[in-house]
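Below are the chains, spelled out letter by letter.
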Amino acid sequence: MTVHTPIGSQQRGVAGWALALSGVVVLAGGVYFATNLGGTNPPIIGEPSPSGSGGGGNALAIITVAGCQGCHGPDLTGLALFPSLRDVRNGPVSPNLQQLYADQPEDWAVIWITGTDPAVSDPLMRGGMPAFGPTLSPQEIITVVEYLKTLE
Amino acid sequence: MAVNRPPVNPKKLRPYDQPPKVRRSLIPSGPDSAATAFVVAGVVWLAAALGIGALWAALRVVPDLVVLSLDIPLLVVPDLLHVELSATTAGLGFWNALVFGWLGNALIGASLFAVTRLTGRRLHFPRMLFLAALLWNMGMLGGLAAVYVPILTAPGTLSAFPFAIDGALAPALLIVTASVLRTVLASPRSFPYPGVAFTLVGLLALLAAVGTGAAVETLDFFIAIDPTLRALWDALYVRMLIGLGFGGLTLGTLFYAVPRVTGNPLWSIGTAWLTWLLWAAFGSLALLGALEDTSIPFLITQAGNAAGLMLLAPALLAAANLLLTVSGRWTLLLSPGALAFGVVGVAFVAAAGLLGAIGALGNVHSFVRGTAWESGVLLWLTAGAGGFAALSVADHALPRLLHRDWRSGLLTSVALYGIFAGVAWAGFSLITGGLAEGSLRVLGTPADEAMGHLVWYALSAAAGFGLAALGGLASLVDLFLQYTTARRAAYAMPPEATTAMEPAGAGAAN
């Protein structure tokens, strides 16, 4: 045997299953691309720490670091049981927040996101929504709410 | 007829067992000298990288601990040179030693070994190639020292080397790429083997990444570049380096190692070419996914993310093609050796491809962004897929490069199982730790409380790294014993670059 024996091949053509597999994966990628065209990129630098105090920073960066998109979708239009955040300026859509909205029409969103007020801290009422009071500064929460109110 | 023989003086005869003195050149130019230098240096870097990795993993348990903080007064510069050993600097040392030291050396060495045997030609510019190996490793030593001096490091994990170091690595890559390209173009075969095509794209991507990286570093040193632009380049650089550069060298190496060590022909060359085509197209497009900033249109980033998802296709095709190639030789897997290393590498290619596709999905990406998940996937991709591909060719090539009769033994088993179990476990701990970190972030858990949960994942990863470091040490001892104790053996050599291809004489097949 020589030192440079070329490596041969058992089949010259492309296997049928290989073409089918490639087609399925490319189709999945295409569908993903076509259904996820809306949204904005987060900033690549200057992300404030969720546990940092003071300084509102960029709302998108706070939303990304706090992980809001994990439940409310990458473009905040809602995901499964979690509601859309794109209509916050018109009040809450969830029935359990209607009373809070009636009592605090201006600050209901800040109180809800902060989550430390006894009126909104019941786990059953929150339905999995974390309380961001311990991790975000009041200014950061206000920045996020102000940003959400601009979304349509 | 009588023959006139000159009288023989026995005292002037050279003893039969003493070889004639040969003047050796300072820079070796033997057919495999550069490949030998790269692969041997790679094994040394493997042990070093995994050792630093174990230290890094241990320091992650107590992230605020600074083990060493030293100020060195410089006579020429009034400022003090601050040297620091902490989780941050050890992390930089680990990733750079692993990627540039171990993978860079071993995969480049494996590529040189494979290309010369696949094209049937010795590589062009052998002396320059040996110099490239020296340059690469001297640059790496300087770079590894620099990462412990915070004032010298640039931002980013794999872009932390100062511009002078990138300036040493780039010419080394240029020499290697030029030599491989010239050798492939001079090959009598009109169409290269798919493994060579993977290697070529990988080398070109590495050269583009490191070369442009050196230019950006230099520019940033003299005229400060906009931080956002710099951060975007760093993200693009890492993706080009790992996805296209080392990804190409990994697949090229596996497409050589698996058929060669099994002695089987490749299962399907057409499927291999389809794999190459999909990988080159989607791998290039996936670079756009790294451009994640408010200044970049979301559409462009999403196109890159979709291509990242589609990279699953070439990963699965390569894994299936190579596993079908092993068909009929499965018993070879029962003993540790080149095939076992290669098959583990193939498994990591498939696993990393799957995790990469999952991580490219928008929801998952925003959930795990900035967590240990990213380190875990990178570990499986580099130390797993790339590392085992390199170990496979190293196990096959080292006896041939060092001219030693050496069979895999106990130390090979320790290296195989130690590194495999260690890397798999450490990667799994980092990935699950990243998922836990993402969950805690969504739940709004305070940082101190979150750290209490995550410390268990960090401890688990440290145990995995410790095991892998043991395997790395076994590889180094195995290499040392092979060189010092094994008896010499002759192996066939590729013909000179300028001579016609001819069958080699005695010796084992390569």
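Residues numbered from 1 in each chain as written. Chains lettered and ligands numbered in written order. Predicted model: local features only at pLDDT ≥ 70, side-chain atom pairs only at ≥ 80, totals over all residues.

What to know about the overall build of chain A
Across its full length, chain A carries seven helices and one strand. When the elements of chain A are put in sequence order from the N terminus, they spell out β-α-α-α-α-α-α-α. Within the span of chain A, comprising 152 residues, buried residues form 32% of the whole. For chain A, contacts bridging at least 24 residues in sequence account for 41% of all contacts bridging at least 6. (Helix = DSSP H or I, 4+ residues; strand = E, 2+ residues; numbered from the N terminus. Buried ≥ 20, exposed ≤ 12 C-beta atoms within 10 Å, placed from the backbone. Contact = placed C-beta atoms within 7 Å.)

Quick look at the interface of chain B and chain A
Listed per partner, the contact involves 56 residues of chain B and 46 residues of chain A. Elements with a minimum of two residues in the side of chain B that touches chain A: α2 (87–119), α6 (227–262), β3 (266–268), α7 (269–285), α8 (298–310), α9 (312–326), α11 (362–368) and α13 (410–443) of chain B. Residue contributions to the side of chain B that touches chain A peak at nine residues, all from α8 of chain B. Residue classes in the side of chain B that touches chain A are distributed as 37 nonpolar, 14 polar and five charged. Both strand β1 (residues 9–11) of chain A and β3 of chain B contribute to a ladder of two bridges, which runs parallel. Counterpart to Gln11 of chain A in the pairing with β3 of chain B is Ser268 of chain B. (Nonpolar A, V, L, I, M, F, W, Y, C, P; charged D, E, K, R; others polar. Pairing = 2+ DSSP bridges.)

Considering the confidence of the model for chain B
Low pLDDT marks stretches whose predicted atomic positions should not be read closely. A residue-level look at chain B finds 85% of positions with pLDDT of 70 or above and a mean pLDDT of 84. Confidence estimates for the predicted assembly give a pTM of 0.77 and an ipTM of 0.78. (pLDDT = per-residue confidence, 0-100.)

Considerations on unusual backbone geometry
Residue and element names in this part refer to chain B. The phi dihedral of Phe125 falls on the positive side, at around 50°, and the residue is not glycine. Among the secondary structure elements, Phe125 is positioned in the loop between α2 and α3 (126–146). Residue Phe125 is classed as partly exposed on the basis of its 18 C-beta neighbours within 10 Å.

Overview of the environment of Val423 of chain B
All names here are of chain B. Relative to the elements of secondary structure, Val423 occurs in helix α13. Spatially, the C-alpha atoms of Val423 and Gly387 are 9.9 Å apart, while their sequence positions differ by 36 residues. Residue contacts for Val423: discarding those within four places in its chain leaves Leu379, Ala383, Gly384 and Ala468.

Side note on the confidence of the model for chain A
Residue and element names in this part refer to chain A. Averaged over all residues, the pLDDT of chain A is 76; the fraction at 70 or higher stands at 82%. Taken element by element, chain A is modelled with least confidence in helix α2 (residues 59–66), mean pLDDT 71, and with most confidence in helix α1 (residues 16–35), mean pLDDT 93. Low confidence marks residues 47–57, where pLDDT is under 50. Its contacts with residues over four positions away, or in another chain, come to 27 contacts.

Focus on the packing of α3 of chain B against helix α4 (residues 163–185) of chain B
Residues and elements named next belong to chain B. Interaxial distance between α3 and α4 falls to 8 Å at its minimum, and their mutual angle equals 155°. The angle between α3 and α4 falls in the class roughly antiparallel. As α3 runs across α4, the sense of the crossing is left-handed. Every residue of α4 that contacts α3 at Met128, Leu129, Ala132, Leu135, Trp136, Met138, Gly139, Gly142, Gly143 and Ala146 is listed here: Ile165, Ala168, Leu169, Pro171, Ala172, Ile175, Val176 and Ser179. (Axes fitted to C-alpha atoms, helices over the stretch in contact; angles between N-to-C directions. Parallel < 35°, antiparallel > 145°, perpendicular 65-115°, else oblique. Left-handed = near helix turned anticlockwise from the far one by under 90°.)

Thoughts on the nonpolar core
With 179 residues, the main nonpolar core has Val39, Ala49, Ala110, Leu129, Val393 and Ala394 of chain B as its most contacted residues. In terms of residue count, the dominant contributor to this core is helix α1 (residues 33–61) of chain B (21 residues). One finds Ala66, Ile113, Leu136 and Val145 of chain A within the second-largest nonpolar core, a separate group that totals 20 residues. (Core = buried A, V, L, I, M, F, W, Y, C linked by C-beta atoms within 7 Å.)

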